[in-house]
Amino acid sequence: MIVKEYSKMSKEELAEVIAGLKKQYDDIKNKGINLDMSRGKPSKKQLDLSMPVLDVLNSNESLNASDGTDVRNYGMLDGILEAKSLLADMVGVNKENVIVFGNASLSIMFDTVSRAYTHGILGNIPWSRFDKIKFLCPAPGYDRHFKISEHFGMELIYVPMTKNGPDMDMVEELVRDDDSIKGIWCVPKYSNPQGYSYSDETVRRFAALKPKAKDFRIFWDDAYCVHHIKFDKKDEILNILDECERAGNFNLAYVFFSTSKISFAGSGISGIASSKENLAEIKKHMSMQCISHDKINQLRHVRFFKNINGITEHMKKHAEIMRPKFELITNSFERELKPLGIAEWTDPNGGYFISFESLKGCAKKIVSKAKEAGLVLTDAGATFPYGIDPNDSNIRIAPSFPEIKELKEAVELFILCVKLVSAQIIYEEG
Ligand code: PLP
């Protein structure tokens, strides 16, 4: 059967399509389903992969780190050496440039912003003393980054994302002229939600930025550094700290990471990597805040993964679980939506999300139609600063959590909502 694009249909043809879709939608709605594709959480199967993390330590075992530190006690505020090495290798930085923190990287990001507000960065004026602080927000992006900025009362500046990373012409121009712009949020590898990875040119341009604000910092959230889905098509990015050093911009970037989507979400280990000077400042503050992070968890992670090869092998198992889910979605879109010319989507090599672009002005309606029928999606607009998508077209799809059977139902319902809303819009505007 030849399928016609909606925009090429006559009003009569469209009216017929809409009537058919409405009937299908009502039938599904009456089933009372309850599905969730809203947040990028690992599935139970993925979490099960890490259960041996809980078995590698027991009460008969030595709980000494390699240098003899008893991990049950206070001390080693910046992390045990072997945890530093493991995380450093994971992110591709030197272990001397790493501090290991607690259970989550988002709280390190929050604290980093908070410190800049209360105490300033490396002797600069604390951000709280300025009338206005601005932050660059490449979008679509990670909603929780934008929320941190909003929480502190910053002005959020939208920078469009491209396949190679944020629009660097815009970034360079903005930071060069405005010293109230103090930072930028970046997810450089398998970005949330598009799954794009920054090109070498983008990373080099970041490292070579000449911000007017001396305390401008790149918040480089490497949340998906080893999260390949297609191991035969891995994305790799340049090391931002090396590039900053090369460009003489030693203190420009903070790199954040965690094992939240490697071991246990919210119960892994996390860290920051940066220049010696930045780290020294962070450690000074940390010593007021905390006597020691959870070194037992650090040791458990090291004993379980052993080294970077252990992480890689583990991530291959994650990929085996994730890949069929991503394929289910992209194949369904390809089959059902492509011929209708009503949407575009990304097909990333890694990360946790697929970014979906509906026709302009349809995203909110699609999300609400899906919700009405029992499918929860990330709020439309959430991927943009202030939750406002200028085109009302982006929807973040999070395939990881549901099992395949539920995901299949969820995708069918989602596709139905996309078709119905798109057909209605074309009908109304045509
Ligand atoms: N950064 C990004 C880009 C994320 O997508 C997420 C979770 O979805 C996080 C950070 C959260 O990481 P953590 O659990 O280490 O706070």
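Residues numbered from 1 in each chain as written. Predicted model: local features only at pLDDT ≥ 70, side-chain atom pairs only at ≥ 80, totals over all residues. Heavy atoms only, no water.

Draft legend 1. Up close: the site of the ligand. Close to the ligand lie Ala104, Ser105, Leu106, Tyr142, Val187, Asn192, Asp221, Ala223, Tyr224, Ser258, Ser260 and Lys261. Between an oxygen atom of the ligand and a main-chain N or O atom of Leu106, the distance comes to 2.9 Å. Measuring from an oxygen atom of the ligand, one finds a side-chain N or O atom of Lys261 at 2.6 Å. Summarising the interface, the protein chains cover 88% of the accessible area of the ligand, which totals 400 Å² for the free molecule. Under a 2 Å grid-point criterion requiring more than half of the atoms, the pocket assigned to the ligand is the largest pocket. Considering only residue class, the shell around the ligand consists of six nonpolar, four polar and two charged. (Near = heavy atom within 4 Å. Polar contact = N/O pair within 3.5 Å; in protein donor to acceptor, adjacent residues only side chain to side chain. Areas by Shrake-Rupley, 256 points an atom, 1.4 Å probe, with all protein chains shown as cover. 1 Å grid on protein atoms, 1.4 Å probe; cavity = no way out; pocket = protein on both sides within 12 Å on 5 of 7 lines; lining within 4 Å. Sits in = over half its atoms within 2 Å of the grid points. Nonpolar A, V, L, I, M, F, W, Y, C, P; charged D, E, K, R; others polar.)

Draft legend 2. A look at the pairing of strand 3 (residues 134-139). Counting buried residues along strand 3, six of its six residues qualify, which places the element largely inside the surrounding structure. Neither face of strand 3 is exposed, since Lys134, Leu136 and Pro138 on one face and Phe135, Cys137 and Ala139 on the opposite face are all buried. Of the strand pairs in this sheet, strand 3 and strand 4 (residues 155-162) are connected by six bridges, and their pairing is parallel. When the bridges of strand 4 are listed, Lys134 appears paired with Glu155. As a crossover connection, the stretch from strand 3 through helix 5 (residues 143-151) into strand 4 is right-handed. Bridge count between strand 3 and strand 6 (residues 181-186): three bridges; the pairing is parallel. Looking across to strand 6, one finds that Lys134 is bridged to Ile181. (Buried < 20%, exposed > 50% of the residue type's maximum accessible area, 1.4 Å probe, protein only. Helix = DSSP H or I, 4+ residues; strand = E, 2+ residues; numbered from the N terminus. Pairing = 2+ DSSP bridges. Right-handed = clockwise from strand over helix to strand, strands pointing away.)

Draft legend 3. The nonpolar core, seen in detail. If you look at the biggest cluster of nonpolar residues, it comprises 58 residues, and the most contacted ones within it are Phe206, Ile218, Trp220 and Ile240. Here the element with the most residues in this core is helix 3 (residues 81-91); it accounts for six residues. Discounting chain neighbours no more than four positions away, the residues touching Ile240 are Val203, Phe206, Ala207, Trp220, Ala253 and Val255. Residues Ile18, Ile33, Leu337 and Val421 belong to the second largest nonpolar core, which totals 54 residues. (Core = buried A, V, L, I, M, F, W, Y, C linked by side-chain atoms within 4.5 Å. Contact = heavy atoms within 4.5 Å.)

Draft legend 4. Seen up close, helix 5. Taken as a whole, helix 5 has its buried residues at Asp143, His145, Phe146, Ile148 and Ser149. On its buried face, helix 5 sits against helix 4 (105-118), strand 3, strand 4, strand 6, strand 7 (217-221) and strand 13 (394-397). Positive phi shows up at Gly153, right after helix 5, with a value of about 80°.

Draft legend 5. Looking closely at the sheet that holds strand 9 (residues 270-273). In spatial order, the strands read 2-9-8-7-6-3-4-5; together these eight strands make up an open sheet with mixed pairing. At either margin of the open sheet sits one strand with a lone partner, and together these are strand 2 (98-100) and strand 5 (165-166). Running at roughly 150° to strand 4, helix 6 (residues 168-177) makes contact with strand 3, strand 4, strand 5 and strand 6 of the sheet. (Axes fitted to C-alpha atoms, helices over the stretch in contact; angles between N-to-C directions.)

Draft legend 6. Structural context of the sheet that holds strand 10 (residues 343-345). Spatially, the three strands line up as an open sheet ordered 10-11-13, and their pairing is antiparallel. With one partner strand each, in any of the chains shown, strand 10 and strand 13 form the two edges of the open sheet. Going across the sheet, the axis of each strand differs from the next one's by a mean of 25°, ignoring polarity. Of the strand pairs in this sheet, strand 10 and strand 11 (residues 354-358) are connected by three bridges, and their pairing is antiparallel. Residue pairing in the sheet places Trp345 in a bridge with Phe356 of strand 11.

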